[in-house]
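Now for the letters of each chain:
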Amino acid sequence: MVKLDAKIPAGPLAEKWTKYKAGQKLVNPANKRKLEIIVIGTGLAGAAAAASFGELGFKVKVFGIHDSARRAHSIAAQGGINATKNYRNDGDSVYRLFYDTIKGGDYRSREANVYRLAEVSDEIIDQCVAQGVPFAREYSGYLDNRSFGGALVSRTFYARGQTGQQLLLGAYGALSKEIHNGSCQMLTMQEVLDIVIVDGRARGVVSRHSITGEIQRHSAHAVVLATGGYGNVFFLSTNAMNSNGSAVWRAYKSGAVFGNPSFTQIHPTCIPVHGDYQSKLTLMSESLRNDGRIWVPKKLEDAKKIQKGELKPTEIAEEDRDYYLERRYPAFGNLVPRDVASRAAKERCDAGHGVGSTGLAVYLDFADAIQRLGKNVITARYGNLFQIYEKIVDDNPYETPMMIYPAVHYTMGGLWVDYELQTTIPGLFAAGEANFSDHGANRLGASALMQGLSDGYFVIPYTMQSYLADQINVPFFKTDRPEFDASEKKVRAELEKLLSIKGSQTVDTFHKKLGHIMWDHVGMTRNREGLQKAITMIQDLKKEFWNDVKIPGGIDGKNMELEKAWRAADYLELGELMARDALDREESCGGHFREEHQTPEGEAMRHDDKYTHVSVWEYQGDDKEPALNKEPLNYEFIEVKTRNYKE
Amino acid sequence: MDFNLKIWRQKDAKSKGSFKTYTVNNISEDASFLEMLDILNEELVIKGEMPINFENDCREGICGTCSLYVNGRPHGPDTGITICQVHMRKFKGMKTIVIEPWRSRAFPVLTDLIVDRSSFDRLIQAGGYVSARTGGVPDANAILIPKNKADEAMDAAACIGCGACVASCKNASAMLFVSAKVAQLALLPQGQVEAKRRVQKMVRQMDIEGFGNCTNTGACEAECPKEITLVNIARLNREFIGAKLGAQMMAV
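Residues numbered from 1 in each chain as written. Chains lettered and ligands numbered in written order. Predicted model: local features only at pLDDT ≥ 70, side-chain atom pairs only at ≥ 80, totals over all residues.

1. Some points on the overall build of chain B
Right, on to step 1. Looking only at helices and strands, one finds nine helices and seven strands in chain B.
Right, on to step 2. With respect to the three principal axes, the spread of C-alpha positions in chain B is 65 × 40 × 35 Å.
Right, on to step 3. When the 252 residues of chain B are sorted by exposure, 53% land in the buried category.
Right, on to step 4. Of the contacts formed within chain B by residues at least 6 apart in sequence, a portion of 71% connects residues at least 24 apart. (Helix = DSSP H or I, 4+ residues; strand = E, 2+ residues; numbered from the N terminus. Buried ≥ 20, exposed ≤ 12 C-beta atoms within 10 Å, placed from the backbone. Contact = placed C-beta atoms within 7 Å.)

2. With respect to the environment of R33(A)
Residue and element names in this part refer to chain A.
Right, on to step 1. Mapped onto the elements, R33 comes out in the loop between α2 (29-32) and β1 (36-40).
Right, on to step 2. C-alpha separation for the pair R33 and V60, spaced 27 residues apart in sequence, amounts to 9.8 Å.
Right, on to step 3. In this structure, R33 is in contact with G57 and K59, ignoring residues within four places of it in sequence.

3. Observations regarding helix α4 (residues 94-104) of chain A
All names here are of chain A.
Right, on to step 1. For α4, a buried count of eight out of eleven residues is recorded, marking the element as mostly surrounded by other parts of the structure.
Right, on to step 2. Within α4 the residues assigned to the buried category are V94, L97, F98, D100, T101, I102, K103 and G104.
Right, on to step 3. The inward-facing, buried residues of α4 abut β3 (81-82) and α5 (111-130).

4. Regarding the interface of chain B and chain A
Right, on to step 1. Facing 66 residues of chain B, the contacting portion of chain A comprises 65 residues.
Right, on to step 2. Mapped onto the side of chain B that touches chain A, the elements with two or more residues apiece are α1 (33-46), β6 (109-111), α2 (118-125), α3 (147-157), α5 (175-187) and α6 (189-192) of chain B.
Right, on to step 3. Looking at the side of chain B that touches chain A element by element, the count peaks at seven residues for α1(B).

5. Looking at the nonpolar core
One recurring pattern in soluble globular proteins is that nonpolar side chains are buried together.
Right, on to step 1. In this structure, I37(A), L175(A), V224(A), L225(A) and L415(A) are the most contacted members of the largest nonpolar core, which totals 281 residues.
Right, on to step 2. Those residues in contact with V224(A), other than ones at most four positions away along the chain, are I37(A), I38(A), V39(A), I40(A), A49(A), F429(A), A431(A) and I460(A). (Core = buried A, V, L, I, M, F, W, Y, C linked by C-beta atoms within 7 Å.)

6. Here's the deal with the domain arrangement of chain B
Residues and elements named next belong to chain B.
Right, on to step 1. The domain architecture assigned to chain B consists of domain 1 (3-100) and domain 2 (118-245).
Right, on to step 2. Taken over C-alpha atoms, the centre of domain 1 sits 30 Å from the centre of domain 2.
Right, on to step 3. In this assembly, twelve residues from domain 1 lie in contact with ten residues from domain 2. (Domains from an automatic or database assignment.)

7. Thoughts on the packing of helix α15 (residues 507-521) of chain A against helix α16 (residues 528-548) of chain A
Residue and element names in this part refer to chain A.
Right, on to step 1. Axis separation between α15 and α16 bottoms out at 10 Å; the angle between their running directions is 175°. Classified by the interaxial angle, the pair formed by α15 and α16 is roughly antiparallel. Of the residues in α16, those touching α15 at F510, K513, L514, I517 and H521 are G530, L531, K533, A534, M537, I538, L541 and F545.
Right, on to step 2. Of the residues that constitute the contact of α15 with α16, the class distribution is nine nonpolar, two polar and two charged. (Axes fitted to C-alpha atoms, helices over the stretch in contact; angles between N-to-C directions. Parallel < 35°, antiparallel > 145°, perpendicular 65-115°, else oblique. Nonpolar A, V, L, I, M, F, W, Y, C, P; charged D, E, K, R; others polar.)

8. Focus: the pairing of strand β9 (residues 222-225) of chain A
Residues and elements named next belong to chain A.
Right, on to step 1. Residues A222 and V224 point to one face of β9 and V223 and L225 to the other, with burial holding for every one of them.
Right, on to step 2. Inspection of the sheet shows β9 paired to strand β17 (residues 428-430) by three bridges, in the parallel sense. Its bridge partner being in β17, V223 is matched across the sheet by L428. (Pairing = 2+ DSSP bridges.)

9. Side note on the environment of A49(A)
Residue and element names in this part refer to chain A.
Right, on to step 1. Position of A49 among the secondary structure elements: in helix α3 (residues 44-56).
Right, on to step 2. With 34 C-beta atoms counted inside 10 Å, the residue A49 sits in the buried group.
Right, on to step 3. Sequence separation between A49 and G452 is 403 residues; the distance between their C-alpha atoms is 9.4 Å.
Right, on to step 4. Apart from residues lying up to four places away in sequence, A49 is in contact with V39, V224, A226, A431, G456 and I460.

10. Some points on the sheet that holds β17(A)
Whether parallel or antiparallel, the strands of a sheet pair through hydrogen bonds between backbone atoms.
All names here are of chain A.
Right, on to step 1. Strand order in the open sheet formed by five strands is β5-β2-β1-β9-β17, with parallel pairing between adjacent strands. Sheet topology places β5 (184-187) and β17 at the edges, where each strand pairs with a single neighbour. Mean inter-strand twist for the sheet, computed between neighbouring axes without regard to direction, equals 20°.
Right, on to step 2. Sheet contacts for helix α13 (residues 448-468): β1, β9 and β17; angle to β9, the most-contacted strand, approximately 150°.

11. A look at unusual backbone geometry
All names here are of chain A.
Right, on to step 1. Phi is positive for Y107, which is not a glycine, with a value near 55°.
Right, on to step 2. By secondary structure assignment, the location of Y107 is in the loop between α4 and α5.
Right, on to step 3. Although it is not a glycine, D199 sits at a positive phi angle of roughly 50°.
Right, on to step 4. Its place among the elements puts D199 in the loop between β6 (190-198) and β7 (201-209).
Right, on to step 5. Of the residues examined, D199 has 7 C-beta atoms within 10 Å and is grouped as exposed.

12. Examining the domain arrangement of chain A
All names here are of chain A.
Right, on to step 1. When cut into domains, chain A gives domain 1 (267-408) and domain 2 (482-628).
Right, on to step 2. Here the C-alpha centre of domain 2 lies 31 Å away from the C-alpha centre of domain 1.
Right, on to step 3. A per-element tally of the side of domain 1 that touches domain 2 places helix α10 (residues 338-350) first, with five residues.
Right, on to step 4. Of the residues contributing to the side of domain 1 that touches domain 2, the split by class is one nonpolar, one polar and four charged.

13. Structural notes on the sheet that holds strand β2 (residues 18-24) of chain B
All names here are of chain B.
Right, on to step 1. Read from one edge to the other, the open sheet built from five strands follows the order β2-β1-β5-β3-β4, with strand pairing classed as mixed. Of all strands in the sheet, those with a lone pairing partner are β2 and β4 (73-74), marking the two edges.
Right, on to step 2. Both strand β3 (residues 69-70) and strand β5 (residues 96-100) contribute to a ladder of two bridges, which runs antiparallel. Among the inter-strand pairings, V70 is bridged to a residue of β5, identified as I99.

14. A short note on α3(B)
For an α-helix, the turn length of 3.6 residues means that residues three or four places apart are oriented alike.
Right, on to step 1. Buried within α3(B) are the following residues: A150(B), A153(B), M154(B), D155(B), A156(B) and A157(B).
Right, on to step 2. In the core, the buried residues of α3(B) are packed alongside α6 (163-181) of chain A together with α5 and α9 (231-245) of chain B.

15. Re the pairing of strand β1 (residues 3-9) of chain B
Residues and elements named next belong to chain B.
Right, on to step 1. In this sheet, β2 lies alongside β1 in antiparallel orientation, the contact comprising seven bridges. Along β2, the bridge assignment pairs F3 with V24.
Right, on to step 2. The pairing of β1 with β5 spans four bridges and is classified as parallel. Bridge pairing links N4 to T96 in β5.

Here it is, written out as structure tokens:
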């Protein structure tokens, strides 16, 4: 069993990070030049970390799967980023953001990490404004804010419906500056296939160039994984097509442990599924819930007629509409956290009240808001989202309510890291969505951008120095060492094995099957029987994959089927671990809802006496069951309560 | 719906490419254009052929990765939208669809429909940023920005760097792309300090990369999926002339 030491500094909560920084080891400027860092991923966490390392004087190699660092999927985040500025005088503070985040995560995250996140949130906004990020402003010239789910204050900063894009372009600008200055080297179109470990420490990677197919070796003193989440295990998700879990999974198989793999966020407001050829799902920002009201028909016969296309939503009288979030959760209404909103939508649809041709959709209605504020205000706030919706669905949301349904969006689980963001492999760090650290069992809206930039700009540039301070006498690594030989040999053998199967089914066929298993049994609600079944089904599917997958071409040159197969092979293993984790956790918390554990009103029921811990899984070998370790969560500063969004 | 597809196939950067014809049948009008290509690729793989390589990622019109020239237009028949967001209902009544990569000297073809757009990255690296280091910056509300300036900066900042402007331009000029970044940062007080250096360095890099000159035909504006306007080019010209005449004239 691995020894888990979260390395949380002693002392009062509000002083932990200050104390850590005061006492930490630093590297002098002349020595920084002698140290190399590899950063994998160019999203908010990766680009911010790489730029910051470069500014400090380290030598940085940055790896991205795209043709440009600017394409990373952080770019698609729409709604906003939280900070505790309290510019609205509405009662916000570091403590309140900390409290909301812990509560939103259903008391399954680490106090010290979350407090640090809230503490640095203000610096992030300052940094982005300094970079020229065009946040929304009021006529006074001051920054504007909007509200997001799970909070009673307005603390979300935004740039129209493209906040992620603008923040990423800010970080991409900072990275571009460091590339220009020569401290960072950007390697595009690189798929990292293995982490190389020398004497127990992460010292490099083996990668494949996605256009030439060339297998490459790269060494460094430390490696940062900022590769995002693994939501694409479900095939259909709001993640980009190339977002994948392979680098994280390879780290797990090399000895890094995995925290809470089953904690997945199902986002309540996405455009519903329309056909079996569908390749991905499109998110409609949570910010829409500021002004949109969610409802379904009260009467079953109305819902049936709507499903058959015999009735239009605008023809249903006010008293025949069920605004079920406002009804069930009067205090938070349409702004309950995502897990609560998603399950409530599923509950109504399962009860037959859903709309759309499939009956798997609910309405998000702007008629009231348009009447109250005028169409112009709604266009200014959400114009681009309304346009996306109209282009996809071919329906005008200014006139008929939007149809939405929950979809896989984010993974709270990820590589287990300590307070310094270091995994259990020395020298291997994980930042942003790739780690498990801050969001517990459910992430609040507008907190992913905050965490990515917090880790990248303000946490890892400090903690990395602590690690590298005793590495200053370690010379640059050569890639002709036996560890690199072994890693490349292993990777080539696996690629060749995939190509040699020459079966009859495409990679996507398997991936879609896996997606259905995951959505049906490891999705919005879970139960013991379904999870046990899912594990067997995934194991069978994995065997079938390794016997019958068909991949044309070879290792050399562009081969997108080979790339997809590599990722799918990892998803088949990761999916099984997610099911195992969900099966082990005999309680409901946040996005993890076990049907056996609910209150009579259908709300999640936690079992704090048994499950106030992080489930940390440790790889034991391909044909062995993984070992379960537990990191107890000690709530010293916050009183653990049942989440309540009703009053 | 059924279609004949004429698609550019090219093994790699060194090979000579050519059009090949494929057919797809029973395509739903609710499928996206890229989902139609997915369906074709699945059929090709089953036949043991190499699938058509094309760039795509977010499939929601924001990452700027997709880059197809469809029936003679970047991002296809619809306006204000990338090809990943175009649905097959827009092709009703058509029999043949021609699909090519971006064509420009500064965007060499790598394979099939994928081009090398690293020249755009180098344009930004030449100076398309505010040189603020991490930390030590003033409070976000310390410098006020009039709402209309922030909104105009956001209009310019909406550029997704896809390269449709270059692909649509008869001169393969990158003026719209460069001007969007120059304008965004020139409109904001944070970008003012380096404005003169920035515009000169970015314009010089444009020439180094082999992009053509701008002759104000406006094709870029018409085809831009994010509707970036020619006003930005006017602003770039103003900034550039101002920089050349100003006291900060410099060897860039």
